[in-house]
Amino acid sequence: MNAAFSVCVFCGSRTGVQPEAQQAAIRVGRWIGNHGGQLVYGGGNNGLMGVLADAALQAGARVIGIIPQAMVEREWAKRDCTELHVVANMHERKAMMADRADAFLALPGGIGTFEEFFEAWTWRQLGFHDKPIGLLDTGGYYQGLIAFARHGVAQGFMSDWQMDLLTVGSEPEPLLAQLVQDAGMRAQRMDLSQI
């Protein structure tokens, strides 16, 4: 069965201290599954990555995990993904994730999440892809990052149009609906006008 859309989600390999981050990961996974979508993610079983993948699988989503061999050797892989791709390195991982996605979404996470998010954003501003990019600001987690990026605009190192490449939201469901719509896809069993 083909998925109606495919969202690449970047998120933490830890759960964080705020329960709302875990709840957001569950809501994202459920939304993707409940709307006939496919989750593409880093293939991990720990932290928000595992929470997200479990919720997506339980909701009927196809879950595509992409993980470097070194992480598999550390027993970090989620073995029950619909597809688990083991790649040689992080470069291959990110390229395959980008290729398999219609849109990108960053949930709370650490330096790995930041790096993946910034690379997707950079690739878009360079014209390497035209896929929408979302930032889920759960509990204000990304307020400092957003303020820092706006400071970059104010200091002349960035432009407003680069900020406009991002869709920022604090609730998963309307943010996901917007990303899917912006990608030109249509989620199953969903009327976007009702969101």
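Residues numbered from 1 in each chain as written. Predicted model: local features only at pLDDT ≥ 70, side-chain atom pairs only at ≥ 80, totals over all residues. Heavy atoms only, no water.

**Student:** For helix α6 (residues 143-154), give the residues involved together with the corresponding values.
**Tutor:** For the α-helix, the turn length of 3.6 residues means that residues three or four positions removed from each other point alike. For α6, which comprises 12 residues, the first-to-last C-alpha distance of 16 Å matches the rise-based estimate of 16 Å (1.5 Å per residue) to within 8%. For α6, every residue scored as buried is listed here: Ile146, Ala149 and Gly152. Viewed along the axis of α6, the buried residues span an arc of 110 degrees, placing them on a single side of the element. Exposed and oriented more than 90 degrees from the buried face of α6 are Gly144, Phe148, Arg150 and Ala154. Those residues of α6 hidden inside the fold are in contact with α5 (111-125), β6 (133-136), α7 (160-163) and β7 (166-169). (Helix = DSSP H or I, 4+ residues; strand = E, 2+ residues; numbered from the N terminus. Expected span 1.5 Å × (residues − 1). Buried < 20%, exposed > 50% of the residue type's maximum accessible area, 1.4 Å probe, protein only. Arc of directions from axis to C-beta. Contact = heavy atoms within 4.5 Å.)

**Student:** Quick one: what's the story with the side chain of Arg93, residue by residue and with numbers?
**Tutor:** Within the secondary structure, Arg93 is located in helix α4 (residues 90-100). Judged by its relative accessible area of 4%, Arg93 is buried. A polar side-chain atom of Arg93 sits 2.5 Å from the main-chain carbonyl oxygen of Gly42. Not counting residues up to four positions away in its chain, the partners in contact with Arg93 are Gly42, Gly43, Met49, Ile66, Ile67, Pro68, Met71, Val87 and Glu116. (Polar contact = N/O pair within 3.5 Å; in protein donor to acceptor, adjacent residues only side chain to side chain.)

**Student:** Describe in detail the side chain of Lys78, supporting the description with residues and values.
**Tutor:** Within the element layout of this structure, Lys78 appears in the loop between α3 (69-73) and β4 (83-87). A relative accessible area of 4% places Lys78 in the buried class. In this structure the side chain of Lys78 is engaged in a polar contact, spanning 2.8 Å, whose partner is the side chain of Asp80. Not counting the four nearest positions on each side in its chain, Lys78 is found in contact with Tyr41, Gly43, Gly44, Asn45, Gly50, Ala53, Asp54, Leu57 and Leu84.

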